[in-house]
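Given next are the chains, with one letter for each unit.
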Amino acid sequence: MSAPAARAETRPSASATRSGRGLVDLVFRARELSLVVALAVLVAVTAGVNGTFLSGQGIEDILLNTAILALLAVGQSMVVITRNLDLSVGSVVGLAAFVTGDLLARGGGVVTGALLGVAIGAACGLLNGLLVSFCRVPALVVTLGTLYVIQGVDHYVAHGRQINAVDLPPALLALGNGSVLGVPYLPLGTLVIMLVIGYYLRSYPSGREFYAIGSSPEAARLAGVPVRRRVLAGYLVSGCLAGLAGVFWLARFGTVVADSAHGWELLVVSAVVVGGVAITGGVGSVYGAALGALLLTTIGSALVVLRVNPFWQQAVTGALLLLAISVDRALALRVARLLRNRSRHG
C-alpha cells in the first residue's frame, strides 16, 4: 500500500470532523443550559422562602451588581480561551474608577471621563499583552506583577483621598441609576458588548482563531494563525472592558477609594470558569461567562436575603469553582474519547 493511501486511511473524514465539532458544541451548550436551570432553581427556592427577593428593587439590584462582574468576565473570557489569564482586572477597575472620578470632580465631561477610563484599561491591557505574547513571560507572573504595580499607582494617585457622589456630575450618576423601559442602563450596556463579542468569536475566522490558539498554540502557529497578535488583542479587549467597568463602578456607587474592586480578579476568574470557559483554553463562550457572573451574584444576593453568614458566599463560590473545573476535566476526557472513536470508525 502506498504512503499516500495509508495517510488517507488514517486521516479523519470530513464528516467525522464536522460530527466531532457538533458534539463539542452540543456538550458545552448543555453546560450553559445547566447554568440557566441552576439559576432558576436558586431563584425559585429563595423567592419561596422570602417573597421580597423577586421584588422590582431586588431584581434591579441583582442586574446592576451583575453588570460590572459580567463585563469583566466577558473580557477575561477572551484571554482564558487563548489559554492565558489576567489577574490585574480588579486593580484596573480601581485605577480607572478613581482617575475618572477625579477628572469629573474637577469639571471634566462625562464622555471625556469615560474615554479616559477605557484608555487606562487599554494601556494596562497592552502592557500585559506585550509581555505575555511578545516577551513570552508566563501570564500568571505578568498579570500578578501588574496587579501590584497598578495598585501602587492607584494609591499614589489617590493619596488617601476619596471621590464622593456629590462631586460627580448628575449625568454620570443617572447612568448608574437610570433605566429604559424598567431595565437599568448598565446591564443593557453589558448585554450589547457581550452579544457583539460573542458574535465575533463564533462567526468570524479571526474570532475562531482564539479557540484554535487555546486548543493548541503550536498547532495554531503551524496553521498560520497570528498567535501573538491574537493573544495581544485578547489582553487589549480585557483591559478596555476593565477600564469601562471602572467607569461603570463609579456610576454605580458614586463613592470611590483607592482600593475599589480589590480582590475582584479571583471573583472574575471564578465566574468565567463556572460559566464553562475551560481554564486550559479553547472551550467556552462569553455567554456562559456572563451566566456564571449572574449565578455568583444571585447566590450572594440570595444568601443576604436568607440572612446567611457572608462567609458562606465565599465557600459556595469556591465549591462551584472546584465543581466546574472537575466537570470541565471530565467532559474534556469524555469528548476526546468520543472523537477518537468517531475518527477511528469514520
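Residues numbered from 1 in each chain as written. Predicted model: local features only at pLDDT ≥ 70, side-chain atom pairs only at ≥ 80, totals over all residues. Heavy atoms only, no water.

Trainee: Could you give an account of the packing of helix α3 (residues 56–81) against helix α11 (residues 227–253), with specific residues and numbers?
Mentor: Two elements in contact, α3 and α11, have axes whose closest approach is 7 Å; the angle formed by their N-to-C orientations is 165 degrees. On the basis of their axis angle, the class for α3 and α11 is roughly antiparallel. In the crossing of α3 with α11, the sense of the turn from one axis to the other is left-handed. Here Asp61, Leu64, Asn65, Ile68, Leu71, Leu72, Val74, Gly75, Gln76, Met78 and Val79 of α3 come into contact with α11, specifically with Gly234, Tyr235, Val237, Ser238, Leu241, Ala242, Leu244, Ala245, Phe248, Trp249, Arg252 and Phe253. Counted by class, the contact of α3 with α11 contains 16 nonpolar, 5 polar and 2 charged residues. (Axes fitted to C-alpha atoms, helices over the stretch in contact; angles between N-to-C directions. Helix = DSSP H or I, 4+ residues; strand = E, 2+ residues; numbered from the N terminus. Parallel < 35°, antiparallel > 145°, perpendicular 65-115°, else oblique. Left-handed = near helix turned anticlockwise from the far one by under 90°. Contact = heavy atoms within 4.5 Å. Nonpolar A, V, L, I, M, F, W, Y, C, P; charged D, E, K, R; others polar.)

Trainee: Can you lay out helix α13 (residues 286–305) for me, pointing to particular residues and giving the numbers?
Mentor: With 20 residues, α13 ought to run about 28 Å at 1.5 Å a step, and its terminal C-alpha atoms sit 28 Å apart, in line with that. The first or second residue beyond α13 is Arg307, which carries a positive phi of 60 degrees. (Expected span 1.5 Å × (residues − 1).)

Trainee: Account for the pattern of salt bridges, naming residues and giving values.
Mentor: Evaluation of the coordinates by the stated rule reveals 4 salt bridges. One salt bridge in this structure joins Arg106 and Asp102, with 3.3 Å as the shortest N-O distance. Look at Asp102 and you get buried, because its relative accessible area is 14%. The residue Arg221 makes a salt bridge to Glu218 at a minimum N-O spacing of 2.9 Å. Highlighted residues: Arg221 and Glu218, both in helix α10 (residues 217–222), separated by 3 residues, approximately one helical turn. According to the relative accessible area criterion, Glu218 is partly exposed, its value standing at 44%. Three or more residues joined by partner-sharing salt bridges are found here, namely Asp102, Arg106 and Arg161. (Salt bridge = Lys/Arg side-chain N within 4 Å of Asp/Glu carboxyl O. Buried < 20%, exposed > 50% of the residue type's maximum accessible area, 1.4 Å probe, protein only.)

Trainee: Explain helix α6 (residues 139–158) residue by residue, including any values.
Mentor: The terminal C-alpha atoms of α6 lie 28 Å apart, and with 20 residues this matches the ideal 28 Å at 1.5 Å per residue to within 8%. Three or more residues of α6 are buried, namely Ala139, Val142, Thr143, Thr146, Leu147, Ile150, Gln151, Asp154 and Ala158. Angular distribution of buried residues about the axis of α6 spans 160 degrees; they occupy a single face of the element. Looking at α6, the residues exposed on the side facing more than 90 degrees away from the buried face are Val141, Tyr148, Val149 and Tyr156. (Arc of directions from axis to C-beta.)

Trainee: Pulling in residues and values, what's your account of empty space enclosed by the protein?
Mentor: For the structure shown, the criterion picks out 1 cavity of 30 Å³ or more. Put simply, the largest cavity is a space of about 70 Å³. In terms of lining, the largest cavity is formed by Gly90, Ser91, Gly94, Gln151, Asp154, His155, Ala258, Asp259, Ser260, Ala261 and His262. Within the residue set of the lining of the largest cavity, elements represented by two or more residues are α4 (89–105) and α6. (1 Å grid on protein atoms, 1.4 Å probe; cavity = no way out; pocket = protein on both sides within 12 Å on 5 of 7 lines; lining within 4 Å. Points joined across faces, edges and corners; volume = space filled by probe spheres on them.)

Trainee: Residues and numbers for the packing of aromatic side chains, please.
Mentor: Taken as a whole and assessed by the stated rule, the structure comprises 5 aromatic pairs. Relative to Tyr204, the ring of Tyr200 lies with its centre 5.8 Å away and its plane at 35 degrees, an arrangement referred to as tilted. The exposure class assigned to Tyr200 is partly exposed, which follows from its relative accessible area of 26%. Plain terms: the ring middles of Tyr200 and Phe210 are 6.4 Å apart, the flat faces sit at 75 degrees to each other, and that makes the pair edge-to-face. (Phe/Tyr/Trp six-rings, centres within 6.5 Å; stacked < 30°, edge-to-face > 60°.)

Trainee: Break down the layout of surface pockets for me, with residues and values.
Mentor: A water-sized probe rolled over the atoms picks out the places where empty space is left. Considering only enclosed or pocket space, the second largest pocket measures out at about 480 Å³ in volume. If you trace the second largest pocket, you find 18 residues lining it, with Leu69, Trp264, Leu267, Leu296 and Gln313 closest to the centre. Residue assignment for the lining of the second largest pocket shows that the elements contributing at least two residues are α3, α11, α12 (264–274), α13 and α14 (311–344). Residues belonging to the lining of the second largest pocket are distributed by class as follows: 9 nonpolar, 9 polar and no charged.

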